[in-house]
Amino acid sequence: LVEIARAQARFIGDAAAAGQAYRKVISAYGATDELVDELAEVYEEDKQLDELAALYRAEVERVSAADRKSELYSALGDTERGRGEPAAALEALLGALTLAATSKAAQEGLERLLGGLSPEDATTRALFHRGVEALAHSYERGGQTDRWLALVPARLAASDDADHRAQVLLAAGNPEDA
């Protein structure tokens with residue numbers, strides 16, 4: 001069944017049949033990282049974002065290894081962003097950073113998410129603030145001072161708290177103490 005799914009995905013290009021075959025294999029024999037990644041690829045190529053998000057959500061619950069779970073959360077964050085669900089995307093990306101504080105995939109996912117949000121938009125301001133602060137913390141933990149400093153204007157724009165803005169400016173003036 002696995003080879004049939006792979007053939008349908010790779011050679012025939014029948015995403016629906018490939019997805020169905022992968023789901024049958026997973027149902028009959030259980031999920032493996034390899035099978036899940038292959039099914040995710042089918043969903044992604046066919047733009048089946050709802051199915052892809054559901055797959056990632058289920059996998060996050062199934063796996064126990066922190067690195068794999070962080071990777072899945074990062075992928076879920078990108079998928080939720082693609083589905084137009086910025087709050088769900090942020091939660092997934094924050095989950096990834098909780099497991100791996102300096103995850104490059106989660107950092108890049110947050111960068112993409114923040115690129116579509118605005119601190120000026122009242123409907124996304126709180127999301128932007130949480131995201132930019134999480135990204136700054138991740139950069140700081142990873143010793144990425146240049147990237148951390150580049151976030152200062154966004155952090156200032158997203159904050160309504162004068163004390164917080166002062167702390168950001170003081171830290172930016174002395175980044176080695178941040």
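Residues numbered from 1 in each chain as written. Predicted model: local features only at pLDDT ≥ 70, side-chain atom pairs only at ≥ 80, totals over all residues. Heavy atoms only, no water.

(A) The arrangement of the nonpolar core in detail. Grouped together as the largest cluster of nonpolar side chains are 22 residues, with contacts concentrated most on Leu90, Leu110, Leu113, Phe128, Val132, Leu135 and Leu151. The leading source of residues in this core is helix H8 (residues 125–141), at seven residues. In this view, Leu110 contacts Leu90, Leu93, Leu97, Gly131, Ala134 and Leu135; residues no more than four positions away in its chain are not counted. Grouped together as the second largest cluster of nonpolar side chains are 21 residues, Ile26, Leu39, Leu52 and Val63 included. (Core = buried A, V, L, I, M, F, W, Y, C linked by side-chain atoms within 4.5 Å. Buried < 20%, exposed > 50% of the residue type's maximum accessible area, 1.4 Å probe, protein only. Helix = DSSP H or I, 4+ residues; strand = E, 2+ residues; numbered from the N terminus. Contact = heavy atoms within 4.5 Å.)

(B) How the structure looks around a negative patch on the surface. Negative charge collects at one region of the surface, where Asp14, Glu41, Glu44, Glu45, Asp46 and Glu51 lie side by side. Among the elements that make up the negative patch, the one with the highest residue count is helix H3 (residues 33–45) (three residues). In this fold, Glu44 is placed in helix H3. On the basis of relative accessibility, which here comes to 46%, the residue Glu44 falls in the partly exposed class. (Patch = residues over 30% accessible without salt bridge, like charges linked within 9 Å, V, L, I, M, F, W, Y side chains within 5 Å. Areas by Shrake-Rupley, 256 points an atom, 1.4 Å probe, with all protein chains shown as cover. Salt bridge = Lys/Arg side-chain N within 4 Å of Asp/Glu carboxyl O. Lys, Arg positive; Asp, Glu negative; His and termini not counted. Charge placed at Lys NZ, Arg CZ, Asp CG, Glu CD.)

(C) Broad picture of the packing of helix H5 (residues 66–82) against helix H6 (residues 86–99). For the pair H5 and H6, interaxial distance at closest approach is 7 Å and the crossing angle is 160°. On the basis of their axis angle, the class for H5 and H6 is roughly antiparallel. In the packing of H5 onto H6, the handedness of the crossing is left-handed. Taking contact as the criterion, the partners of Ala66, Lys69, Ser70, Tyr73, Ser74, Leu76, Gly77, Glu80 and Arg81 in H5 are, on H6, Ala88, Ala89, Ala92, Leu93, Gly95, Ala96 and Leu99. Class assignment for the residues of the contact of H5 with H6 results in nine nonpolar, four polar and three charged. (Axes fitted to C-alpha atoms, helices over the stretch in contact; angles between N-to-C directions. Parallel < 35°, antiparallel > 145°, perpendicular 65-115°, else oblique. Left-handed = near helix turned anticlockwise from the far one by under 90°. Nonpolar A, V, L, I, M, F, W, Y, C, P; charged D, E, K, R; others polar.)

(D) Spatial organisation of the pattern of salt bridges. The tally for this structure, following the rule as stated, stands at 15 salt bridges. Arg62 serves as the salt-bridge partner of Asp33, at 3.0 Å between the closest nitrogen and oxygen. Of this pair, Asp33 sits in helix H3 while Arg62 sits in helix H4 (residues 49–62), and the two are 29 residues apart along the sequence. Residues Arg57 and Glu80 are paired through a salt bridge, measuring 2.8 Å at the closest nitrogen-oxygen approach. Residue Arg57 is located in helix H4, and its partner Glu80 is located in helix H5; the two are separated by 23 residues in the primary sequence. Residue class for Arg57 comes out partly exposed when judged on its relative accessible area of 38%. When salt bridges with common partners are traced through the structure, they connect Asp33, Asp37, Glu59, Arg62, Arg68 and Glu71 into a single cluster.

(E) Examining H3 more closely. For H3, spanning 13 residues, the distance from its first C-alpha to its last is 18 Å, which sits close to the expected 18 Å at 1.5 Å a residue. Every buried residue of H3 is listed here: Leu35, Val36, Glu38, Leu39, Ala40, Val42 and Tyr43. Positive phi appears at Lys47, one or two residues downstream of H3, with a value of about 60°. (Expected span 1.5 Å × (residues − 1).)

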